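Coordinates in review
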Amino acid sequence: MSKVTKLKWACNICKFNDKNKSPTHINTTQKNNPVLNNTNENYQNLTESVNYMSEKFDSFEQKALDNFVEIIGVPEINDENCFDTVKLITGKLGVETTVKKAFRVPSKIKHKPRKLIAELSTNQCSNKIIINSRKQKPRGNNFHDNWGMEPIYVNSHLTFFNRNLLYKTKAFAREFGFKFVWFRESKIFMKKSEDQKAILIENETFLTNLK
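So, how was this worked out
Residues numbered from 1 in each chain as written. Predicted model: local features only at pLDDT ≥ 70, side-chain atom pairs only at ≥ 80, totals over all residues. Heavy atoms only, no water. Helix = DSSP H or I, 4+ residues; strand = E, 2+ residues; numbered from the N terminus. Expected span 1.5 Å × (residues − 1). Buried < 20%, exposed > 50% of the residue type's maximum accessible area, 1.4 Å probe, protein only. Arc of directions from axis to C-beta. Pairing = 2+ DSSP bridges. Axes fitted to C-alpha atoms, helices over the stretch in contact; angles between N-to-C directions. Contact = heavy atoms within 4.5 Å. Core = buried A, V, L, I, M, F, W, Y, C linked by side-chain atoms within 4.5 Å. Phe/Tyr/Trp six-rings, centres within 6.5 Å; stacked < 30°, edge-to-face > 60°. Lys NZ or Arg CZ within 6 Å of the ring centre and 35° of its normal.

Relative to the 24 Å expected for 17 residues at 1.5 Å per residue, helix H7 (residues 160–176) spans 24 Å between its end C-alpha atoms, a close match to the ideal helical length. Considered for burial, the residues of H7 that qualify are Asn-162, Leu-165, Leu-166, Thr-169, Phe-172 and Ala-173. All buried residues of H7 lie within an arc of 125° about the axis, which places them on one face of the element. Facing away from the buried side of H7 by more than 90 degrees, the exposed set consists of Phe-160, Tyr-167, Arg-174 and Glu-175.

Attention now goes to the pairing of strand E1 (residues 68–72). By the criterion of burial, E1 is predominantly enclosed, with four of the five residues buried. When E1 meets strand E3 (residues 115–119), the two strands line up antiparallel, connected through four bridges. Looking at E3, one finds that Phe-68 is bridged to Glu-119. Strand direction decides the pairing type here: E1 and strand E4 (residues 153–156), joined by four bridges, are antiparallel. Each bridged residue has a counterpart across the sheet, and for Glu-70 the counterpart in E4 is Asn-155.

A few words now on the sheet that holds strand E2 (residues 101–105). With antiparallel pairing, four strands are arranged side by side in an open sheet as E2-E3-E1-E4. Edge positions in the open sheet fall to E2 and E4, since each of these has one partner strand only. Here the strands of the sheet are splayed against their neighbours by 25° on average, with no regard to which way each runs. Together, E1, E2 and E3 form the strand contacts of helix H5 (residues 82–92), whose direction differs from that of E2 by roughly 105°. Strands E1 and E4 of the sheet are contacted by helix H6 (residues 123–136), whose axis makes an angle of about 140° with E4.

In terms of nonpolar packing, the biggest core is built from 20 residues, with Val-69, Ile-71, Val-86, Leu-120 and Ile-129 touching the most fellow members. For this core, the elements supplying multiple residues, two or more each, are E1, H5, E3 and H6. When neighbours within four sequence positions are excluded, Val-86 is seen to be in contact with Ile-71, Val-99, Ala-102, Leu-116, Ala-118 and Leu-120. Phe-178, Phe-183, Met-190 and Ile-201 belong to the second-largest nonpolar core, a separate cluster that totals 11 residues.

A few words on the sheet that holds strand E7 (residues 199–201). The three strands are arranged E5-E6-E7 in an open sheet whose pairing can be described as antiparallel. The open sheet terminates on both sides in strands that have one partner only, identified here as strand E5 (180–184) and E7. Along the sheet, successive strands turn relative to each other by an average axial angle of 30°, direction set aside. In the sheet, strand E6 (residues 187–191) pairs with E7 via three bridges, with the strands oriented antiparallel. From the neighbouring strand, Phe-189 faces E7, where its bridge partner is Leu-200. H7 contacts E5, E6 and E7 of the sheet and is inclined by roughly 5° relative to E6.

We now examine the packing of aromatic side chains. A complete count under the given rule lists four aromatic pairs for this structure. Ring centres of Phe-172 and Phe-178 lie 5.9 Å apart, and the angle between their planes is 40°; on these two criteria the pair is classed as tilted. For Phe-172, a relative accessible area of 6% puts it in the buried group. Using a relative accessible area of 15% as the deciding quantity, one classes Phe-178 as buried. An aromatic cluster of three or more residues is present, and its members are Phe-172, Phe-176 and Phe-178. It is Lys-191 that lies over the ring of Phe-180; its NZ or CZ is 5.9 Å from the centre.

Here it is as C-alpha cells:
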C-alpha cells in the first residue's frame, strides 16, 4: 500500500509527516502532562505514607510488649522450667511480680544460651527489674551457684524495627560522640552529655539529618 493510500485510511490525528516529529515536541508534551509531572511527587508521597503507617504499626506492636523483658546470659539446663528461672531472677533483683509467660528464643550467637523472654504483671515491674539489673550488674552466681561468673542482662523486649534502630543509633553515637543511648517508654533517646537535652530518635532518616 502506497503512502498516499495509507494517509487516506489514517485518522486525522495520525495524518502528519513523521519528519515533523521532534524531540522538543515530545518533551513539551510530556512536560505539560500533569500525570507525568506528578509521578515523582506521588511516588514520594506514597513512600512517606507507607513509612508513616509502618512506624505507626510498630509503635502499637511495641506498646503490646511493655510488660515483657528479655534476660540474657542465663545458662540452660535439662528439663528447665522457665517460669521458675524467671521467678528466681525477679526475686533476687527485688521485684515482686507475677510471671505470666516465660520461654526461650534462639540466639544468633553460637555456643551462647538462648535468651529468656518473660511477661511480667505490669509495665512498672518490667521497668523496675531493668533498672535494678543495671544498678546491681549481677552475674550468674548471684542467682545460682552453678550459673558461673558470666554477667546477666535484663533489657526491654524490642520489636524488630526498634532493635534495628537502637543498633544503628548506638553506632551513630559512637561515631559522632554521643555518650548516652537508651530505650524508655517505647522510644529511643540519645544525648551527648548529662547536662544536654535528650534527643528522640524516631527513625533512620532522623539520624541521617543529624549528621
